[in-house]
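# A look at the structure
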Amino acid sequence: MNSTSLAADKRKLGAIGEGTAEGKRLHDRCPVKSLLAGADLHTDFPIFEQKIRGRRLVYLDSAATSQKPSSVLNAMDQYYKTANANVHRGLHALSARATEIYECARSRVALFINAARPEEIVWTRGATEALNLVAHGYGRAFLGAGDEIVISRMEHHSNIVPWQLLAEEKDCVIRAVELNSDGTLKREDLDRFLSSGKVKLVALTHVSNVLGTINPIAEIGRKVHAAGAVFVVDGCQSVPHLPVDVRALDVDFLAFSAHKMLGPTGLGVLYGKYDLLDRMLPFNGGGEMIEEVSLEGTTFKEPPLRFEAGTPPIAETAGMIAAMDYLTRLGMDHIRAHEQELTSYALERLKEVPNLKVFGPPDAERRTGAIAFEMTDIHAHDVAQILDMDGIAVLAGHHCAQPLHDWLGSPSTSRASFYVYNTKADVDALVKGLLKVRKCFGCDDRPEDGSPCCDSCGGASVCPDC
Ligand code: PMP
């Protein structure tokens with residue numbers, strides 16, 4: 001495939017660019033517009049049909065994984081019912097059908113993030129594998145003793161550990177950009193590191209999964225490239241929530257996971273500029289990634305197949321097409337606007353909860369709707385557990401960001417995170433739930449002399465009535 005075949009795919013698949021007439025028509029009747037006006041998308045997502053402990057499900061854990069619309073479930077079901085076969089192998093009809101779906105999905109991802117060509121899209125099992133692939137395939141080939149790798153304190157472990165393993169193996173040095181008090185990157189650290197002339201690779205997240213901070217990737221990328229380094233971006237929390245254009249941002253690699261963007265688990269994407277992918281070593285060895293194998297040695301296919309050893313997740317790519325369709329119909333700019341409004345509303349309403357500390361930038365323009373918070377007098381796990389009793393799902397823990405939590409001064413936080421199906425009613429439920437948590441644990445209204453706050457409390461530390 002080349003850019004001409006990408007254009008053909010675009011026509012064939014009826015891809016919906018914002019600038020096309022079809023794009024405009026869908027844009028005009030965008031469900032997120034009505035969503036912003038108070039409607040919701042719950043009917044598209046079967047999981048919301050159930051009750052949790054008799055309550056409406058308030059799902060505020062999309063930064064961990066998103067829910068899936070029926071169209072994604074149906075696409076995978078249809079794949080297994082009508083096209084199931086292995087890809088790139090058989091000459092029979094089903095294999096051709098499966099291969100077409102698999103490769104169409106690749107083209108659709110290329111369009112979704114505006115890659116120059118489909119061969120810049122490598123399928124992986126997830127963002128974690130995508131980042132490990134760069135560390136192995138690029139890092140092992142091009143980094144050596146004394147070379148420096150820059151990461152930051154806000155990274156997910158998936159964008160720390162692969163670089164540490166590489167640094168250990170190749171005797172490289174890791175430098176970490178620290179944070180300002182509002183949860184943004186200390187840009188002066190980055191400038192200082194880059195000025196050493198030793199930095200070969202910079203790996204940063206586009207959006208923090210804890211602080212919600214949106215990093216200025218295009219601007220940082222210009223500096224990274226001026227210093228002669230390669231720029232790896234973790235797009236796990238940006239691609240599902242913002243319009244992301246890899247050419248406008250000029251990143252060298254971008255990793256993300258299907259399951260956080262309405263798609264299935266077990267499928268991830270590594271975008272890489274073709275000339276870089278082409279120079280990289282294979283990651284896993286096995287079937288499908290080879291050109292010729294003899295007992296003496298092996299030659300490898302060109303990218304992206306060089307990096308796709310073994311039977312890949314195929315049904316998942318069918319689901320991914322449906323997920324991207326759904327997101328494209330909503331419009332990534334509308335999704336961003338919707339989440340920005342919810343985040344603004346949540347940041348304001350959370351001020352009503354006593355002893356609640358919210359982390360990350362205080363304004364919704366500079367962040368997404370992943371909002372970590374701490375009740376200074378109640379453990380994050382207790383907060384999550386009591387919210388769960390009312391059907392409110394938030395995540396508690398270190399969110400695979402322990403260096404960040406060291407900096408926050410707390411081993412664990414609670415995190416509420418929004419997506420397309422969330423509404424202001426969900427924020428209201430969260431605030432009400434948090435006030436209830438306080439009543440259960442701290443009993444804010446308990447008199448200072450320790451006497452019961454209500455008939456049920458009886459002086460117990462946990463109010464049985466709450
Ligand atoms: N990076 C970030 C910022 C994330 O939020 C996550 C998922 N929590 C990952 C990487 C890893 O993604 P996955 O587990 O899907 O590989």
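Let me begin by describing the structure that accompanies this report. (Residues numbered from 1 in each chain as written. Predicted model: local features only at pLDDT ≥ 70, side-chain atom pairs only at ≥ 80, totals over all residues. Heavy atoms only, no water.)

### Comments concerning the sheet that holds strand S16 (residues 395-397)
- What the four strands build is an open sheet, ordered S13-S14-S17-S16; its pairing is antiparallel. Here the strands that pair on one side only, and so sit at the sheet edges, are strand S13 (356-358) and S16. Across the sheet, the axes of successive neighbouring strands diverge by a mean angle of 30°, strand direction being ignored.
- Two strands pair when backbone bridges link them, and S16 and strand S17 (residues 413-417) are joined in this way by three bridges, in the antiparallel orientation. If you follow Gly397 over to S17, its bridge partner there is Thr413. (Pairing = 2+ DSSP bridges. Helix = DSSP H or I, 4+ residues; strand = E, 2+ residues; numbered from the N terminus. Axes fitted to C-alpha atoms, helices over the stretch in contact; angles between N-to-C directions.)

### A few points about the packing of helix H14 (residues 380-389) against helix H16 (residues 424-441)
- Packing of H14 against H16 brings their axes to within 9 Å, and their N-to-C directions diverge by 115°. The hand of the H14/H16 crossing is right-handed. When H14 is examined against H16, the residues Asp382, Val383, Ile386 and Leu387 are found in contact with a partner set consisting of Leu430, Gly433, Leu434, Val437, Cys440 and Phe441.
- A per-class count over the contact of H14 with H16 returns eight nonpolar, one polar and one charged. (Left-handed = near helix turned anticlockwise from the far one by under 90°. Contact = heavy atoms within 4.5 Å. Nonpolar A, V, L, I, M, F, W, Y, C, P; charged D, E, K, R; others polar.)

### Remarks on the pairing of strand S6 (residues 173-177)
- Pairing geometry for strand S5 (residues 148-152) and S6, over five bridges, is parallel. Bridged to Val150 within S6 is Arg175.
- At this point the chain moves from S5, through helix H7 (residues 161-170), to the parallel S6, and the crossover so formed is right-handed. (Right-handed = clockwise from strand over helix to strand, strands pointing away.)

### Details of the site of the ligand
- Taken together, Ala127, Thr128, His156, Ser158, Thr205, Asn209, Asp234, Cys236, Gln237, Ser257, His259 and Lys260 form the complete shell of residues around the ligand.
- Within the side chain of His259, an N or O atom sits 2.7 Å from an oxygen atom of the ligand.
- For the ligand, whose accessible area on its own is 400 Å², the fraction buried by protein is 85%.
- Here the ligand is seated within the second largest pocket.
- Of the residues contributing to the shell around the ligand, the split by class is two nonpolar, eight polar and two charged. (Near = heavy atom within 4 Å. Polar contact = N/O pair within 3.5 Å; in protein donor to acceptor, adjacent residues only side chain to side chain. Areas by Shrake-Rupley, 256 points an atom, 1.4 Å probe, with all protein chains shown as cover. 1 Å grid on protein atoms, 1.4 Å probe; cavity = no way out; pocket = protein on both sides within 12 Å on 5 of 7 lines; lining within 4 Å. Sits in = over half its atoms within 2 Å of the grid points.)

### Some thoughts on the packing of aromatic side chains
- Counted by the stated rule, this structure contains ten aromatic pairs.
- Here the aromatic rings of Phe45 and Tyr421 are separated by 4.9 Å at their centres, their planes lie at 75°, and the arrangement is edge-to-face. Here the residue Phe45 occupies a position in the loop between helix H3 (31-36) and strand S1 (51-52), and Tyr421 occupies one in the loop between S17 and H16, the gap between them amounting to 376 residues.
- On the basis of relative accessible area, Phe45 is assigned to the buried category, the value being 0%.
- On the basis of an interplanar angle of 85° and a centroid distance of 6.0 Å, the ring pair of Tyr419 and Tyr421 is categorised as edge-to-face.
- We classify Tyr421 as buried; its relative accessible area is 0%. (Phe/Tyr/Trp six-rings, centres within 6.5 Å; stacked < 30°, edge-to-face > 60°. Buried < 20%, exposed > 50% of the residue type's maximum accessible area, 1.4 Å probe, protein only.)

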